Amino acid sequence: MQTIRISEISNYADQEVEIKGWLYNKRSSGSIKFLIIRDGSGYIQVTIIKSEVEKELFEKIGEIEYESAIRIAGRVKKEKRAPLGYEILLKDLQVIHNAQKDYPISLKEHGVGFLMDFRHLWLRSTRQNAVLRIRAEIIKAIRNFLDQEGFILVDAPILTPAACEGTTTLFETNYFEDKAYLTQSGQLYNEASAMAFGKVYCFGPTFRAEKSKTRRHLMEFWMVEPEAAFVELEENNQIQERLITYIVKQVLKNKRAELIVLERDISKLEKIQIPFPRLAYDQAINMLKEKGMQIEWGDDFGGDEETVISQSFDKPVFIHHYPTKCKAFYMKPDPQRPEVVLCADLIAPEGYGEIIGGGQRIDDYNLLLQKIEEHNLPRKDYEWYLDLRKYGSVPHSGFGLGIERTVAWICGLNHVRETIPFPRMLNKIYP
RNA sequence: UCCUCGGUAGCUCAAUGGUGGAGCAUCCGGCUGUUAACCGGAGGGUUGCAGGUUCGAGCCCUGCCCGAGGAGCCA
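Predicted model, so just to flag it, every value in this text is computed and none were measured.

## Quick notes on helix 13 (residues 403-411)
At step 1: Of all nine residues that make up helix 13, eight are buried, and the element is covered over most of its length.
At step 2: One or two positions beyond helix 13, positive phi appears at Gly-412, with a value near 75 degrees.

So, in structure tokens, the structure goes:
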């Protein structure tokens, strides 16, 4: 008899199969019992009819606790009433490990705080399984897309000697006799790699020691950061459009069942097509003022502003040419209007906020040096970065895509904490 | 760091300042098509902690702890 995974059950109609997994739920009606088995690839109902199995086996089934590891054998039966279209008629069952009877997560409602304390077990539930499968699909799509477009994976270090951007708070750690910091962006290293490989990206965790406590923030999150030589602002935006539409297309194609589990409105994802609207910062300010928001030219956008903007479009929208003072020191000022920079953030629809921050970098040595001094950054830490403008400097651009916010948007979740297996949150690092 | 809301049974929540309850989970019983199954019964409590007001506090007051949402900052 063949051991199969639940996800491939449709290939085995009317055959006898074996499945190894865990008991997800059980129901009993006297002479008929139902077990829901999960094996990591899916969930399937197993039906046990008293008159068709040995008495000893039928009685044993009532004693199996939730989440016990079991091995079942039975015949795959087409069944209209089953969610997958199939169920299994039990022939035999072995308990590999009978779980303790106090499994904390029932199928009834629980609060988020409680579930997060049991995150290691919560991962077993259907919704969490769907979210993390979609996360994996998104990451696969990103890497496929960038590889196809000729970008080379060149990772940036996690341990860094100083602030990459010098602004936000960093996690500090010991590095033998020195201090080191966990990276908050691979971008500066990416610029060096781009001058070596042309088109590169890094993909890895990023750390921010900000005491942020909102649905959009984690202390540790994952970011993909492409960077390309000879690419200017508009081409940079076009790469992002193609990337985002590709990600959405792949999820719709390969993870539709998971989107349905999450009750995601799929029609909203189907609208994600090139081109995305572009809104200059100046226009965005006017738009927000017309909607009655208190904001002046030169203010950066907060969560409320992003939400209002994103709800005005049914696609992601680029906001470009922000005031220079709002953005990082390395952003290239517009030669025609130095008070704004050649940058663009991509705001996801449905109120999900910023998922990409990107732009063109300063390629002139003297201007970069001036900005480093204006921002009071220690020049000696940036000598290597300045070198890139001494030896074959070219126009170049890049962007950073936040994985968790992208997953939250595509899954339709209202908080990023469920989009990563083990979220690191303010004052919470267990489990 | 600041603002708002909350903490009562294992979980989710009720309870006018006057005898702390329900649903689920657990245990016992019933049911041949259940989908978070259902029906009957039972057990289960130092109301986050420490003070205070009151004849009497889960409820009012003060401090602290913890959680949730948000602001700032950002992806």
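Right, picking up where we left off after that structure.
## Some remarks on the protein's contact with RNA strand B
At step 1: In the region of RNA strand B, 47 residues are neighbours, and Asn-25, Arg-27, Arg-208, Arg-215 and Arg-405 sit closest.
At step 2: Taking all atoms of RNA strand B within 4 Å of the protein, the share assigned to sugar and phosphate is 45%.
At step 3: Contact distances for RNA strand B include 3.4 Å between a base nitrogen and a backbone N or O atom of Gly-30.
At step 4: In this structure, Leu-218 approaches RNA strand B through a main-chain N or O atom, which is 2.7 Å from a base nitrogen.
At step 5: Where the surface near RNA strand B is concerned, the elements lending two or more residues are strand 2 (16-28), strand 3 (32-38), strand 12 (220-229), helix 10 (303-310), strand 18 (353-360) and strand 19 (396-402).
At step 6: Grouping the constituent residues of the surface near RNA strand B by class yields 10 nonpolar, 18 polar and 19 charged.

## Comments concerning the layout of surface pockets
At step 1: One number sums up the size of the second largest pocket: a volume of about 830 Å³.
At step 2: For the second largest pocket, the lining is made up of 32 residues, of which Gly-42, Tyr-43, Ile-44, Pro-83 and Leu-84 are closest to its centre.
At step 3: When residues of the lining of the second largest pocket are traced back to their parent elements, those giving at least two are strand 3, strand 4 (43-49), strand 6 (86-97), helix 4 (126-148) and helix 7 (256-261).
At step 4: Each of two domains, domain 1 (2-97) and domain 2 (119-419), supplies a minimum of three residues to the lining of the second largest pocket.

What counts, and at which threshold
Residues numbered from 1 in each chain as written. Chains lettered and ligands numbered in written order. Predicted model: local features only at pLDDT ≥ 70, side-chain atom pairs only at ≥ 80, totals over all residues. Heavy atoms only, no water. Buried < 20%, exposed > 50% of the residue type's maximum accessible area, 1.4 Å probe, protein only. Helix = DSSP H or I, 4+ residues; strand = E, 2+ residues; numbered from the N terminus. Near = heavy atom within 4 Å. Polar contact = N/O pair within 3.5 Å; in protein donor to acceptor, adjacent residues only side chain to side chain. Nonpolar A, V, L, I, M, F, W, Y, C, P; charged D, E, K, R; others polar. 1 Å grid on protein atoms, 1.4 Å probe; cavity = no way out; pocket = protein on both sides within 12 Å on 5 of 7 lines; lining within 4 Å. Points joined across faces, edges and corners; volume = space filled by probe spheres on them. Domains from an automatic or database assignment.

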